[in-house]
Amino acid sequence: MTELRDALRAPAPEVSPTAVLRAWLLRPAGPLPVALLAVVLVARAARVAVVFTQGGMDNAFVVHAGQIWLGGGAPYADRRFLYLPSAVLFAAGQAALPAPVVRVAAPLACMALIAGGWWCAVRLFRVPACSRFAVLGLLGLVLGWAPVGHLVTLGNWTAVGALALPLALLLADRGRWDTAGVVLGVSVAVKPLLLPLIVLLVLARRWRALAWMVAVPLAVSAGAALIMPDPGGFFTRTLPFLLKGGDGLMRPYDASLPAVLPRLELPLVPAEVLALAAAAAGVLCARLRWRRADPGPARLADTAALLMLASFLVSRPSYDHYLVVVVPLLVAGALEADSVTRSPWFWVALVPQVPQFAFPHLDGSTRRAFKDAATLCGLALVLAVRCARCPPRRPAAPDVRGPYTFLVRRRREPSPAGAARRTRREPRSAPP
């Protein structure tokens, strides 16, 4: 009874506000937030279907290339078709559909791919898909982050990478590396945005997954090249067009360092050298993060995200909607104790991408690349520093010994054998 009274008198253990917030976010969201999210996603896609033809400007280029190929022409005659020959098959699939169907299906498919990528990202970090964090997080990305809206508006195939990256990491975290390699290979066949993840497979020494990632786009591209007029146009026209930074329509929106720094009066050659150095530093920090080998999915997510950001720094072109592949993956790990989102600088880097964010002399659409480059460089720097730093050490046990502890004889706990010997030596008491 004494122990029970002491337990009742003992104060309740203090719970930190962070733990309370985490528990609240992990609870089921309920039907109302889920219905609100569904309405927002459908309304965002419906707006694109009403305003834009063929599902967005970028999707229109792809559909046009598919129509040329179905008509017997060479798709690479259009310089704006910037994909591998394997992508012609996917473009032809869209071109074969009626225009009203493409106009509605393209933004809906784009939004579905983004939502599917977010679902895979939260499941990678063991967060329930129907939790408040999952529902409110996607709602915040759609309403409060401009690159998601830009991606859906353009109908760009970057949405495939937004699903493929977290899906591949989810499979790899569960030990299914070969299937992850197939997913990455299919994504590269559609759009070669995730090619930097070859470095991740090399760091992980998953050679069969690497073989799948390379073999799938090569096989599909070789098959498409056999039935395509002038497949060499990819090497004679498309690659030189990309290496030169595109044309006057693409350059003002390019956020890569080789495109932005010359606009700030830095010569092209130093700008390219600086971009290569920054990308190499990012790859090095990603390697350090992988070698840390701490348990949990954050190792996969941080390494993959930093490799992608390093490639965006140097590759041309590099647009703001490319960040949709990386940022939701990092935000999904916000409930982890050592997440990069715990740094306030992570959110500072995202401020320029808030809708209606205005900054002097950067309001024009042709100057938006400076804000995009600031976000890209900020995210890469914050994540690189987080990946390169040493892991936090466990705090040592406090030393409770005082300055005169040596004068006090330490009491030793009796061992079971000693206790048994003392019991045998003690005389038995006489019966009453």
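Note that the coordinates shown come from a computational prediction; the quantities given were computed from them, not determined experimentally.

What counts, and where the lines are drawn
- Here the residue numbers are simple positions, counted from 1 along each chain's written sequence.
- Per-residue local features of the predicted model are confined to residues with pLDDT of at least 70, and side-chain atom pairs are confined, for both listing and counting, to 80 or more; whole-chain, interface and lining totals are unaffected and use all residues.
- The basis for every side-chain value is the complete set of non-hydrogen atoms in the structure, without hydrogens or water.
- Throughout, exposure labels follow a simple rule: accessible area from a 1.4 Å probe, protein chains only, divided by the maximum for the residue type, with under 20% read as buried, over 50% as exposed, and the rest as partly exposed.
- Secondary structure elements follow DSSP: runs of H or I no shorter than four residues count as helices, runs of E no shorter than two count as strands, and numbering proceeds from the N terminus.
- Working rule for contacts: check all heavy atoms of both residues, and any pair within 4.5 Å makes them a contact.
- For our purposes a nonpolar core is just a set of buried Ala, Val, Leu, Ile, Met, Phe, Trp, Tyr and Cys residues, chained together by side-chain atoms within 4.5 Å.
- Think of a salt bridge as a Lys or Arg side-chain nitrogen and an Asp or Glu carboxyl oxygen that are within 4 Å of each other.
- The span expected for a helix works out to 1.5 Å for each residue beyond the first.

Chemist: Explain helix α8 (residues 146-154) here, please?
Modeler: Because an α-helix completes one turn every 3.6 residues, residues spaced three or four positions apart along the sequence face the same direction. Most of α8 is tucked away, with seven of its nine residues classed as buried. Listing the buried residues of α8 in full gives Ala146, Pro147, Val148, Gly149, Leu151, Val152 and Thr153. If you follow the buried residues of α8, they end up packed against α3 (31-51), α4 (57-70), α6 (99-124), α7 (132-144) and α9 (158-173). Where α8 terminates, the next one or two residues include Gly155, which has phi positive at roughly 65°.

Chemist: Help me out: how do you make sense of the nonpolar core in this one?
Modeler: Soluble globular proteins: nonpolar side chains tend toward being buried together. Formed by 109 residues in total, the largest nonpolar core has its most connected members in Trp118, Leu165, Leu197, Leu309 and Phe312. In terms of residue count, the dominant contributor to this core is helix α16 (residues 298-314) (ten residues). Sequence-distant contacts of Leu197, that is, excluding residues within four places in its chain, are made with Leu165, Leu184, Met213, Ala304 and Met308.

Chemist: Explain the pattern of salt bridges here, please?
Modeler: Pairing between side chains of opposite charge can happen when the charged atoms of each approach one another. Tallying each qualifying case throughout the model produces ten salt bridges. Among the ionic pairs, Arg208 bridges to Asp178, the shortest N-O distance being 3.2 Å. Pair noted here: Arg208 is in helix α12 (residues 207-226) and Asp178 is in helix α10 (residues 177-190), with a separation of 30 residues, a long-range link. Taking relative accessible area as the criterion, Arg208 reaches 61% and is therefore assigned exposed. For Asp178, a relative accessible area of 27% translates into the label partly exposed. Here Arg289 and Asp294 are joined by a salt bridge, their closest N and O atoms 2.9 Å apart.

Chemist: Is there a simple way to explain α4 in this structure?
Modeler: Between its terminal C-alpha atoms α4 stretches 20 Å, which fits the 20 Å expected from 14 residues at 1.5 Å a residue. Along α4, the residues that are buried comprise Asp58, Asn59, Ala60, Val62, Val63, Ala65, Gly66 and Trp69. In this fold, the buried residues of α4 make contact with α5 (86-95), α6 and α8.

Chemist: Looking at this structure, I do not really get unusual backbone geometry. What am I missing?
Modeler: Across residues other than glycine, the phi torsion is negative in most instances, and most of the peptide bonds are trans. Geometrically, the link from Arg316 to Pro317 is a cis peptide bond, its omega value of -5° lying close to zero. Summarising the element assignment, Pro317 is placed in the loop between α16 and α17 (327-331). In this structure, Arg126 is a non-glycine residue whose phi angle is positive, near 60°. Relative to the assigned elements, Arg126 resides in the loop between α6 and α7. Judged by its relative accessible area of 51%, Arg126 is exposed. Phi at Glu265 is positive, roughly 70°, even though this residue is not glycine. Examined against the element boundaries, Glu265 turns out to sit in the loop between α14 (257-260) and α15 (268-292). You can call Glu265 exposed: its relative accessible area is 71%.

Keep in mind these numbers describe shape, not what the thing actually does.
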